[in-house]
Amino acid sequence: MIKISPSILAADIWRLGDEVRKIEAAGAEMLHIDVMDGHFVPNITFGVPVTACIRPQTNLILDVHLMLSEPLKYISAFSKAGADIITFHVEADSNPAEVIAEIHRLNKRAGLSLKPGTPAEAVYPYLKDVDMVLVMTVEPGFGGQKFRMETMEKLSDLSRRCKKMGYPVDFEVDGGISAVTAPVVIENGANILVAGSAVFGQPDYSAALEGLRGKR
């Protein structure tokens, strides 16, 4: 099943509560919350208070993407705020094994992300322990970037490896997702698609979601 995780980076922040309820009613399964610290990436976005405010407003799975230099420091706070999946970057300063263990200790799902220039091999040691791998098809930090096709080789490699080893890992893709690129990432092993303006920027959210799933 293909799940869509619309990113609130592209939502109307003035009407965020309404936007979240509207996207849930339209049929999204998840909600992507990009957390940026201005250090790991050159931008600052949402944090623990926004996540905590969203939690009571929706039954959607809160898919929290930590673009932070030291994610281990913040796992507990985001867990208490209501995150269901907490994803962090293999390139961050915290020890990946320790971060994964802490996320699981708090009974949350652990995701591990890698930038476009990071080789697939960087996450090989952790595939047996994570619940999800997030492959970035753009440089993290800003929305609206162009999809980088070369990242599909990495996605395909990781997907094949997990299937071969019997690891039940979900594969999420973030960056430049549209009705045009969605079939490409699905073909290469993704089952969760992060979309920003391809959903929130459209007049009909339901139609936009169905278009990403290839049902339109």
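Worth saying up front: this structure is predicted, and the values here are computed from it rather than measured.

Caption draft 1: Region of interest: the overall build of the protein. When helices and strands are tallied, the protein shows 8 helices and 8 strands. Expected size for 216 residues packed as a compact globule is a radius of gyration near 17 Å; at 16 Å, the protein falls within 12% of this value. When the backbone C-alpha atoms are referred to their principal axes, the protein occupies close to 45 × 35 × 30 Å. When burial is assessed residue by residue, the protein has 54% of its 216 residues classed as buried. Within the protein, residue pairs in contact and separated by at least 24 positions form 64% of the contacts whose partners lie at least 6 positions apart. For the protein, the accessible area works out to roughly 9600 Å², and carbon and sulfur atoms hold 52% of it. Separation of charge centres in the protein, based on 22 positive and 27 negative side chains, amounts to 3 Å.

Caption draft 2: Main features of the pattern of salt bridges. Enumeration over the complete set of coordinates arrives at 12 salt bridges. A salt bridge links E29 to R213; the shortest N-O distance between them is 2.7 Å. Of this pair, E29 sits in the loop between α1 (16-26) and β2 (30-36) while R213 sits in the segment after α8 (205-212), and the two are 184 residues apart along the sequence. In this pair, the class of E29 matches that of R213, namely buried. Note that D84 and R55 form a salt bridge whose closest N and O atoms lie 2.8 Å from each other. You can see D84 sitting in the loop between α3 (75-81) and β4 (85-89) and its partner R55 sitting in the loop between α2 (48-54) and β3 (61-67), a full 29 residues away along the chain. Each of D12, R15 and E19 takes part in a single network of salt bridges with overlapping partners.

Caption draft 3: Summary view of the sheet that holds β4. Strand order across the open sheet formed by 8 strands is β1-β8-β7-β6-β5-β4-β3-β2, with parallel pairing between neighbours. The open sheet has two edge strands, β1 (3-6) and β2, and neither has a second partner. Taken over all neighbouring pairs, the strand axes of this sheet differ in orientation by 25° on average, direction set aside. Judged from the 4 bridges that link them, strand β5 (residues 109-114) and strand β6 (residues 132-136) form a sheet pairing that is parallel. Bridge pairing links L112 to V133 in β6. Along the sheet face, helix α4 (residues 96-105) touches β4 and β5 and points at about 170° away from the line of β4.

Calculation notes
- For every chain, the first residue of the written sequence is number 1, and numbering continues from 1 onward in sequence order.
- Only residues with pLDDT of at least 70 get local features here, since the model is predicted, and only at 80 or more are side-chain atom pairs given and counted; chain-wide, interface and lining totals rely on the full set of residues.
- Working from all heavy atoms in the structure, the side-chain values ignore hydrogens and water.
- Every helix listed is a DSSP run of H or I at least four residues long, and every strand listed is a run of E at least two residues long, numbered separately from the N terminus.
- With the radius of gyration taken over C-alpha atoms, the globule rule is written as 2.2 Å times the number of residues to the power 0.38.
- Type-normalised accessible area, obtained with a 1.4 Å probe on protein chains alone, sets the label of each residue: buried when under 20%, exposed when over 50%, and partly exposed for intermediate values.
- What makes two residues a contact is simply this: any of their non-hydrogen atoms within 4.5 Å.
- Only the protein chains shown count as cover for residues, and all accessible areas are computed by the Shrake-Rupley method using a 1.4 Å probe.
- Counted charges follow a simple rule, with Lys and Arg positive, Asp and Glu negative, and His plus the chain ends left uncounted.
- Charge positions come from single atoms, namely NZ of Lys, CZ of Arg, CG of Asp or CD of Glu.
- Any carboxyl oxygen of Asp or Glu that lies within 4 Å of a side-chain nitrogen of Lys or Arg is treated as forming a salt bridge with it.
- In short, DSSP must find at least two bridges between two strands for them to pair.
- Note on geometry: axes are C-alpha line fits, over the in-contact stretch for helices, and angles between N-to-C directions span 0 to 180 degrees.

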